[in-house]
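Descriptive analysis of the structure
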Protein chains: 2
Amino acid sequence: MEVIVPFSTDRPKSRLSDVLSADERAAFARAMLDDVLDAVATAGGEPTVLATGAVDVDPPVTVDDRPLTTAVNAALGGHFEADGASDAAADPVAVVMADLALATPAALDRLFDAGRDADVAMAPGRGGGTNAFVASYPAFRVDYHGASYLDHREIAAEVGADFAAVDSHRLATDVDEPADLAEVLIHGEGRAAEWLRDAGFALDADEGRVAAVRG
Amino acid sequence: MEVIVPFSTDRPKSRLSDVLSADERAAFARAMLDDVLDAVATAGGEPTVLATGAVDVDPPVTVDDRPLTTAVNAALGGHFEADGASDAAADPVAVVMADLALATPAALDRLFDAGRDADVAMAPGRGGGTNAFVASYPAFRVDYHGASYLDHREIAAEVGADFAAVDSHRLATDVDEPADLAEVLIHGEGRAAEWLRDAGFALDADEGRVAAVRG
């Protein structure tokens, strides 16, 4: 399955600027991207990176500096056109965000499986975002603004695509804010967790929920 | 499967005090409890409520005003004793928190299934808590302090129980803090979501993640 991984090379992870410098945010974002690409490949996906600028990775890279929604819709259109699909039975394509540092092959397997059954299978992000989906329905398009998960359910209904939700904490956890770093330390098994530990972050269980604090 | 649902009748949901009055927090906590009890029963579980004080619900109620860890361990001990289990092959028992307002029968099915295969199957909560588990291993005991999910993995390893993680956003979402209310509005299908809407809460997609704001 083709798996598009959008990645921003300019000002990545700006909401982590209270705890990480610009260089650190870039390095951490890259560690997460590498983890996601590995998990996708291990789950049997064929990753391609859809980046806003040049990025040196093994999988093929498409550079598109337009806004995320425009770039992803262009990639979806390209996929379905190349596929020659003109109706509701197309080869599935996945879009998996590059900041899903908790993604494992098992979690992605569940997403890919759901996407083989439903026209659109989607893993919601915490806070109503869309962290990952599989579409095999050429008329489906994205709109990443606001509570995009609910919008995408509506878009699927409007174009006549059936929809399946994928219930995964790992895929729901996009790493955007300082509170998310604790999830990486608790559940992460790859480079991103190692990067945080090397940068001095550790779990602090003093308050209600465990936080990541820097030593 | 016996499913123990711990429920606090005194000062429930204190971390929501910025957005809900004490009476409102009690009513909202009760709506969540009712949703959880329904989901457990629909998933084929036999719920019992383990409450710190009297509560008027259909399922059997055990009142135990000791701290959560002590009360749950006493209930686990009671279950395994009644079961006559003296070794590693006991009838499974589940513990599911009463504030899992997003819990669906499908999510609980996955937990119960995992708990039939592993000695201990556990759904982590966001922030490292333990939101739900199934144990069929009489020596397993809980300790809800701090990052309890990691502690429980260790306890399972120490007593020789094999451990399975259940990857569910619905079961990872315990409703403790104002940010969690958005999850209820986005994904909730029961009384708790209805209660929030009736109380004037709606989604606000202005910022990065969608928030629940009161109109």
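Residues numbered from 1 in each chain as written. Chains lettered and ligands numbered in written order. Predicted model: local features only at pLDDT ≥ 70, side-chain atom pairs only at ≥ 80, totals over all residues. Heavy atoms only, no water.

With that out of the way, let us pick up the overall build of chain A. Within chain A, the secondary structure is distributed over seven helices and nine strands. Rg of the C-alpha trace for chain A: 17 Å, near the compact-globule value of 17 Å for 215 residues, within the 12% margin. For chain A, the C-alpha atoms occupy an extent of roughly 55 × 35 × 30 Å along the three principal directions. Out of the 215 residues in chain A, the part that is buried amounts to 57%. For chain A, restricting intrachain contacts to residue pairs at least 6 apart in sequence, the fraction spanning at least 24 positions comes to 60%. About 8,800 Å² of surface is accessible on chain A, with carbon and sulfur atoms providing 46% of the total. Counting 16 positive and 39 negative side-chain charges, chain A places the averaged centre of each group 4 Å from the other. (Helix = DSSP H or I, 4+ residues; strand = E, 2+ residues; numbered from the N terminus. Rg over C-alpha atoms; globule rule 2.2 N^0.38 Å. Buried < 20%, exposed > 50% of the residue type's maximum accessible area, 1.4 Å probe, protein only. Contact = heavy atoms within 4.5 Å. Areas by Shrake-Rupley, 256 points an atom, 1.4 Å probe, with all protein chains shown as cover. Lys, Arg positive; Asp, Glu negative; His and termini not counted. Charge placed at Lys NZ, Arg CZ, Asp CG, Glu CD.)

Each copy superposes on the other: chain B lies on chain A with an RMSD of 0.0 Å after a rotation of 180 degrees and an axial shift of 0.0 Å. Both chain copies can therefore be described as sitting about a two-fold axis. Most of the interface of chain B is mirrored in chain A, where 100% of its interface residues are also at the interface. (Least-squares fit on C-alpha atoms with pLDDT ≥ 70 in both.)

All names here are of chain A. Considered domain by domain, chain A is made up of domain 1 (2–172) and domain 2 (178–214). Each of domain 1 and domain 2 has a C-alpha centre, and the two are 24 Å apart. On the side of domain 2, 14 residues touch domain 1, which itself brings 18 residues to the contact. When the two sides are added together, the surface that domain 1 and domain 2 hide from each other amounts to roughly 1,400 Å², 63% of it contributed by carbon and sulfur. (Domains from an automatic or database assignment. Buried area = accessible area lost by both parts, 1.4 Å probe.)

What follows covers the interface of chain B and chain A. In this assembly, 29 residues from chain B lie in contact with 29 residues from chain A. Our count for the contact surface shared by chain B and chain A stands at four salt bridges. Between Arg110(A) and Asp167(B) there is a salt bridge, with its nearest N and O atoms 3.6 Å apart. The interface formed by chain B and chain A contains twelve residue pairs in polar contact (both at pLDDT 80 or more). Counting only elements with at least two residues in the side of chain B that touches chain A, the list comes to α3 (105–117), α4 (148–159), α5 (169–172) and α6 (178–187) of chain B. Considering each element in turn, the side of chain B that touches chain A owes the most residues, five residues, to α6(B). (Salt bridge = Lys/Arg side-chain N within 4 Å of Asp/Glu carboxyl O. Polar contact = N/O pair within 3.5 Å; in protein donor to acceptor, adjacent residues only side chain to side chain.)

With that out of the way, let us pick up the pattern of salt bridges. For the structure shown, the criterion picks out 26 salt bridges over all chains. Ionic pairing is found between Lys13(A) and Asp99(A), a salt bridge with its closest N-O pair at 2.7 Å. Placement of Lys13(A) in the loop between β1 (2–7) and α1 (22–42) and of Asp99(A) in the loop between β4 (93–96) and α3 (105–117) is noted, with a sequence separation of 86 residues between them. In this structure, Lys13(A) and Asp99(A) share a single accessibility class: buried. The residue Glu189(B) makes a salt bridge to Arg170(B) at a minimum N-O spacing of 3.6 Å. Taken together, the residues span a long stretch of sequence, with Glu189(B) in the loop between α6 and α7 (191–198) and Arg170(B) in helix α5 at a distance of 19 residues.

Looking now at the packing of α1(A) against α3(A). All names here are of chain A. Relative orientation of the contacting elements α1 and α3 amounts to 60 degrees, with a least axis distance of 8 Å. When the axis of α1 is compared with that of α3, the two are oblique. Handedness of the crossing formed by α1 with α3: right-handed. When α1 is examined against α3, the residues Ala39, Val40 and Thr42 are found in contact with a partner set consisting of Pro105, Leu108 and Phe112. Class assignment for the residues of the contact of α1 with α3 results in five nonpolar, one polar and no charged. (Axes fitted to C-alpha atoms, helices over the stretch in contact; angles between N-to-C directions. Parallel < 35°, antiparallel > 145°, perpendicular 65-115°, else oblique. Left-handed = near helix turned anticlockwise from the far one by under 90°. Nonpolar A, V, L, I, M, F, W, Y, C, P; charged D, E, K, R; others polar.)

Residues and elements named next belong to chain A. Strand order in the open sheet formed by seven strands is β3-β2-β1-β4-β6-β5-β7, and the pairing between neighbours is mixed. Pairing within the sheet leaves two strands with one partner each, and these edge strands are β3 (61–63) and β7 (163–165). Averaged over all adjacent pairs, the angle separating strand axes in this sheet is 20 degrees, with direction ignored. The strands touched by helix α2 (residues 68–82) are β1, β2 (46–51), β4 and β6 (130–135); relative to β4, the strand with the most contacts, the crossing angle is about 160 degrees. (Pairing = 2+ DSSP bridges.)

Turning our attention to the pairing of strand β2 (residues 46–51) of chain B. Residue and element names in this part refer to chain B. Of all the six residues making up β2, five are buried; the element is thus mostly covered by neighbouring parts of the structure. Where strand β1 (residues 2–7) meets β2, six bridges bridge the pair, whose relative direction is parallel. Paired with Val3 across the bridge in β2 is Pro47. Where the polypeptide runs from β1 across helix α1 (residues 22–42) and back to β2, its parallel neighbour, the crossover connection is right-handed. Direction of pairing for β2 relative to strand β3 (residues 61–63): parallel, over a ladder of three bridges. Within β3, the position partnered with Val49 by the bridge is Val61. (Right-handed = clockwise from strand over helix to strand, strands pointing away.)

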